[in-house]
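Working through the structure, step by step
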Amino acid sequence: MKMRRTMLLLLGVATLPVLAKSQALVDSGDSSSSTVNVSVSTVNPQPVFKYVRPPQTTKLHNYLFDAFGPYPIVGAGIAAGINQVQNTPPEWKQGVDGYRKRFGSDFAIAGVTTTTRYALSEAFHEDTLYYRCECKGKFRRLSHAVISTFTARRGDDGHRVFSFPDLVASYAGTMTAVYGWYPGRYSYKDAFRMGNYSLLGYVGANIGLEFLYSGPHSWLSRMHLNNGHGAPNSGSSP
């Protein structure tokens, strides 16, 4: 099915912005007259990264940005253009009316996917926002980005758990499209196939969040392109 290649583009563009991080310093310990304690007190304290659960206002802001912001709009426009060239699905034909249907379909798929992810995360009491890795090394950061696609934070301590909302959301949008407005010849197999590519697109979006962000004063920040799908300033990754 020709929609495969467009799902990566749609979900990747629709979920790309970034997050911030903060850190807390550990207590350097009390300074006593012992030789050991004096030597320790002269060393700079090492940072400890503490998770802070995002407030509901932050979650709502990120949801609105991810579902109705510039990324899903631009992503749907590009995907609809590709589908228009490929004439997919052919039942929608060409012309302005055909492009309108394709744009509406791609935008709705992204919207259902995002809504499902945020709604289920609330039901499961999970924080599915992306937190950049505090680790060093490209391979470790890449692994963190990929693993974050299937995990979320839970509880006040922000421990990581397997995320059912993250897994299901990618298939919710495509299943809705196949059974809601796509031509009848498409089936659950097509929806599952498109959902696989949606999930890969989400992986690509997390990789972009991990490696493309360069700080609050970067060009992306000035253009307000790092506001969606982002962790709050008070949070940080372990």
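Just above sits the structure.
Residues numbered from 1 in each chain as written. Predicted model: local features only at pLDDT ≥ 70, side-chain atom pairs only at ≥ 80, totals over all residues. Heavy atoms only, no water.

With respect to the element layout, Arg153 can be found in strand β4 (residues 151-154). At 5.5 Å, Asp127 is the nearest oppositely charged side chain to Arg153, a buried residue that forms no salt bridge. Reaching out from Arg153, the side chain makes a polar contact with the backbone oxygen of Gly158 at a distance of 3.0 Å. (Helix = DSSP H or I, 4+ residues; strand = E, 2+ residues; numbered from the N terminus. Buried < 20%, exposed > 50% of the residue type's maximum accessible area, 1.4 Å probe, protein only. Lys, Arg positive; Asp, Glu negative; His and termini not counted. Salt bridge = Lys/Arg side-chain N within 4 Å of Asp/Glu carboxyl O. Polar contact = N/O pair within 3.5 Å; in protein donor to acceptor, adjacent residues only side chain to side chain.)

Let us look at the environment of Asn62. Looking at the element boundaries, Asn62 is found in helix α3 (residues 56-68). Since its relative accessible area comes to 2%, Asn62 is described here as buried.

Look at helix α5 (residues 95-123): 42 Å from first C-alpha to last across 29 residues, which is about the 42 Å you get at 1.5 Å a residue. In the segment just after α5, His125 is the residue with positive phi, at about 55°. (Expected span 1.5 Å × (residues − 1).)

Taken together, three strands build an open sheet; the order of strands is β3-β4-β5 and the sheet is antiparallel. The outermost strands of the open sheet, each flanked by one partner alone, are β3 (126-127) and β5 (159-162). Of the strand pairs in this sheet, β4 and β5 are connected by four bridges, and their pairing is antiparallel. Across the sheet, residue Ala152 finds its bridge partner in β5, namely Val161. (Pairing = 2+ DSSP bridges.)

Moving on, we get to the packing of α3 against helix α4 (residues 70-86). Viewed as axis vectors pointing N to C, α3 and α4 meet at an angle of 15°, and their least axial separation amounts to 4 Å. The orientation of α3 with respect to α4, classified from their angle, is roughly parallel. The segment α3 lies against α4, with Phe65, Asp66, Ala67 and Phe68 engaging Pro70, Tyr71, Pro72 and Ile73. Of the residues belonging to the contact of α3 with α4, the class tally is seven nonpolar, no polar and one charged. (Axes fitted to C-alpha atoms, helices over the stretch in contact; angles between N-to-C directions. Parallel < 35°, antiparallel > 145°, perpendicular 65-115°, else oblique. Contact = heavy atoms within 4.5 Å. Nonpolar A, V, L, I, M, F, W, Y, C, P; charged D, E, K, R; others polar.)

Turning our eyes to something else, we now look at the packing of aromatic side chains. Inspection of the entire model under this criterion finds 10 aromatic pairs. Their ring planes at 65° and their centres at 5.8 Å tell us that Tyr51 and Tyr131 sit as a pair that is edge-to-face. Of the two residues, Tyr51 is situated in the loop between β2 (47-48) and α3 and Tyr131 in the loop between β3 and α6 (138-148); the sequence distance between them amounts to 80 residues. Arranged with centres 5.9 Å apart and planes meeting at 65°, the rings of Phe65 and Tyr71 form a pair that is edge-to-face. Of the residues examined, Phe65 reaches a relative accessible area of 13% and is grouped as buried. (Phe/Tyr/Trp six-rings, centres within 6.5 Å; stacked < 30°, edge-to-face > 60°.)

Counting across every chain of the model gives one disulfide. Disulfide pairing places Cys133 opposite Cys135 at an S-S distance of 2.0 Å. Of note, the bridge from Cys133 to Cys135 carries an S-S torsion of about 135° and is right-handed in sense. By relative accessible area, which is 13% here, Cys135 ends up buried. (Disulfide = S-S within 2.5 Å.)

A separate point is the packing of α4 against α5. Between α4 and α5, the shortest axis-to-axis distance is 8 Å and the interhelical angle comes to 130°. As summarised for this structure, α4 and α5 are arranged oblique, according to the angle between their axes. Note on packing geometry: the crossing formed by α4 with α5 is right-handed. Of the residues in α5, those in contact with Pro72, Ile73, Ala76, Gly77, Ala79, Ala80, Gly81, Asn83 and Gln84 of α4 are Gly95, Gly98, Tyr99, Arg102, Phe103, Asp106 and Phe107. Considering only residue class, the contact of α4 with α5 consists of eight nonpolar, six polar and two charged. (Left-handed = near helix turned anticlockwise from the far one by under 90°.)

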